[in-house]
Amino acid sequence: MEGKVAVITGAAKGLGRAFAEILLREGVKVCLCDINTENGRRTEKMLQEKYSNDRVFFMKCDATVDTELESTLNHVIERYGGIDILCNNAGIINEMDWKKTVAVNLSAVIHGTLLGLRYMGKAAGRPHGVIINIASVPGAVPMSYGPVYTASKQGVVGFTHSVGFLSPNLNDVCVNCLCPTFVNADILKCDESAPDFVCSRDAQLVEPSRKMFDEVGIMGPEEVAESFLELVMNESLSGAGFLITRASKSLLRMPLELPELFDKYSSL
Ligand SMILES: NC(=O)C1=CN([C@@H]2O[C@H](COP(=O)(O)OP(=O)(O)OC[C@H]3O[C@@H](n4cnc5c(N)ncnc54)[C@H](O)[C@@H]3O)[C@@H](O)[C@H]2O)C=CC1
Ligand SMILES: CCCCC/C=C\C=C\C(=O)C/C=C\C/C=C\CCCC(=O)O
């Protein structure tokens, strides 16, 4: 991993910051992208003090703005010579502004992946590349208090499974996704005063789910980061999704209800 270059969207805090930190620990150079400059600069300072100024930097980037994402990747290539790891992590839960939720959680992930396939691996004259898209458990099961969030994450899982089948042969880039259960991050607050963290306000739907926190448990971002690192280092898997719970990590096969069909056609 020493000397590799990574770009992580939504890296100013939460899971994205934990992914950045574990890669830095392994000797990777990291570009932290986020829409939030204040948090981004704070995280940049903290990580530069720990790992050195030239191995990590922040770039303000709204992942939903096509030109910003593309110019960010170009900037990283100019600065570090290429990109080896791309994590499309930025995500929100906002059931009211559903178009924004789809834009951040799904469209930006699709665009990021397509750019990654162009700027990484064979297409860019680079060695093997890795793209990790961050989905969630609702990528595989319905989440009643967040139908739009669920749709966006199922889109990420379906897109990743599809694009990841061919990408290793075509581009020498593996594309996989992670589906963690609850992680201790601001997104869980569902705080009405923070417009981007709004889930369904229907108490009948939300309250039972709060009880689920106790049953399912809430992981620390650094626990998920360990699984993230494993997947980054795995050069044989592509088009896969990993379900990550506190107790275990398992491969998520799609389409869930048609495993035989999946086996028959997955090599096409
Ligand atoms: N926290 C949880 O329980 C779980 C979170 N996830 C997913 O993990 C990913 C990271 O979320 P968390 O760290 O939990 O949330 P978080 O709210 O702590 O961090 C999300 C980051 O994304 C940034 N962001 C939002 N919109 C952006 C945009 N348009 N462009 C660039 N950056 C943007 C925010 O400024 C923030 O820094 C999301 O995709 C989320 O859906 C998945 C499973 C569970
Ligand atoms: C009660 C308020 C919940 C707020 C949740 C906010 C964000 C959640 C983000 C996630 O990505 C959720 C991650 C895992 C969900 C785990 C299980 C879902 C089961 C669906 C259900 O029965 O509701």
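Now for a description of the structure that goes with this document. (Residues numbered from 1 in each chain as written. Chains lettered and ligands numbered in written order. Predicted model: local features only at pLDDT ≥ 70, side-chain atom pairs only at ≥ 80, totals over all residues. Heavy atoms only, no water.)

**Section: the packing of helix H1 (residues 14–25) against helix H7 (residues 221–233)**
Put simply, H1 and H7 touch, their axes get as near as 9 Å, and they point 55° apart. Regarding the angle of H1 to H7, the classification is oblique. For the crossing formed where H1 meets H7, the hand is right-handed. Counted together, Gly 14, Leu 15, Ala 18, Phe 19, Ile 22, Leu 23 and Arg 25 of H1 and Pro 221, Glu 222, Val 224, Ala 225, Glu 226, Phe 228, Leu 229 and Val 232 of H7 form the full contact between these two elements. Each residue belonging to the contact of H1 with H7 can be placed in one class, and the counts come to 11 nonpolar, one polar and three charged. (Axes fitted to C-alpha atoms, helices over the stretch in contact; angles between N-to-C directions. Helix = DSSP H or I, 4+ residues; strand = E, 2+ residues; numbered from the N terminus. Parallel < 35°, antiparallel > 145°, perpendicular 65-115°, else oblique. Left-handed = near helix turned anticlockwise from the far one by under 90°. Contact = heavy atoms within 4.5 Å. Nonpolar A, V, L, I, M, F, W, Y, C, P; charged D, E, K, R; others polar.)

**Thoughts on a nonpolar patch on the surface**
On the surface, a nonpolar cluster with roughly 290 Å² of combined accessible area is contributed by Phe 165, Leu 166 and Leu 170. Here Leu 166 lies in helix H5 (residues 147–171). (Patch = residues over 30% accessible without salt bridge, like charges linked within 9 Å, V, L, I, M, F, W, Y side chains within 5 Å. Areas by Shrake-Rupley, 256 points an atom, 1.4 Å probe, with all protein chains shown as cover. Salt bridge = Lys/Arg side-chain N within 4 Å of Asp/Glu carboxyl O.)

**Thoughts on the site of ligand 1**
In the vicinity of ligand 1 there are 31 residues, among which Leu 15, Asp 34, Asn 89, Tyr 149 and Val 183 approach most closely. Between Val 183 and ligand 1, the recorded distance is 2.7 Å, taken from a backbone N or O atom to an oxygen atom. Among the elements of the structure, H1 and H5 are those that each provide at least two residues to the shell around ligand 1. Split into classes, the residues belonging to the shell around ligand 1 amount to 18 nonpolar, eight polar and five charged. (Near = heavy atom within 4 Å. Polar contact = N/O pair within 3.5 Å; in protein donor to acceptor, adjacent residues only side chain to side chain.)

**Points about the nonpolar core**
If you look at the biggest cluster of nonpolar residues, it comprises 33 residues, and the most contacted ones within it are Phe 19, Leu 23, Val 30, Leu 178 and Phe 228. The element best represented in this core is H1, accounting for seven residues. Discounting residues that sit within four places of it in the chain, Phe 19 has contacts with Ile 8, Cys 87, Asn 89, Ile 134, Leu 178, Val 224, Ala 225 and Phe 228. In this structure, Val 76, Tyr 80, Met 120 and Val 175 belong to the second largest nonpolar core, which totals 22 residues. (Core = buried A, V, L, I, M, F, W, Y, C linked by side-chain atoms within 4.5 Å. Buried < 20%, exposed > 50% of the residue type's maximum accessible area, 1.4 Å probe, protein only.)

**Comments concerning the pairing of strand E7 (residues 173–180)**
Here E7 lies mainly inside the structure; eight of its eight residues are buried. The alternating pattern of E7 places Val 173, Val 175, Cys 177 and Cys 179 and Cys 174, Asn 176, Leu 178 and Pro 180 on opposite faces, both of which are buried. Where strand E6 (residues 129–134) meets E7, six bridges bridge the pair, whose relative direction is parallel. Counterpart to Gly 129 in the pairing with E7 is Val 173. (Pairing = 2+ DSSP bridges.)

**Some words on the packing of aromatic side chains**
Overall, the coordinates contain two aromatic pairs when judged by the stated rule. Between Phe 57 and Tyr 80, the ring centres sit 5.7 Å apart and the planes meet at 65°, which makes this aromatic pair edge-to-face. In this pair, Phe 57 is assigned in strand E3 (residues 56–60) and Tyr 80 in helix H3 (residues 66–80), connecting sequence segments 23 residues apart. For the pair shown, Phe 57 and Tyr 80 are each scored as buried. We note Arg 79 situated over the ring of Phe 57; from NZ or CZ to the ring centre the distance is 3.8 Å. Over the ring of Tyr 119 we find Arg 118, and its NZ or CZ is 5.3 Å from the ring centre. (Phe/Tyr/Trp six-rings, centres within 6.5 Å; stacked < 30°, edge-to-face > 60°. Lys NZ or Arg CZ within 6 Å of the ring centre and 35° of its normal.)

**Regarding the packing of H1 against helix H2 (residues 37–51)**
Contact geometry of H1 with H2 gives a least axis separation of 11 Å together with a crossing angle of 15°. Relative to H2, the element H1 is oriented roughly parallel. Remark: the crossing between H1 and H2 carries right-handed chirality. On H2, the residues that touch Arg 17, Ala 20, Glu 21, Leu 24 and Arg 25 of H1 are Thr 43, Met 46, Leu 47, Lys 50 and Tyr 51. Partitioning the contact of H1 with H2 into residue classes produces five nonpolar, one polar and four charged.

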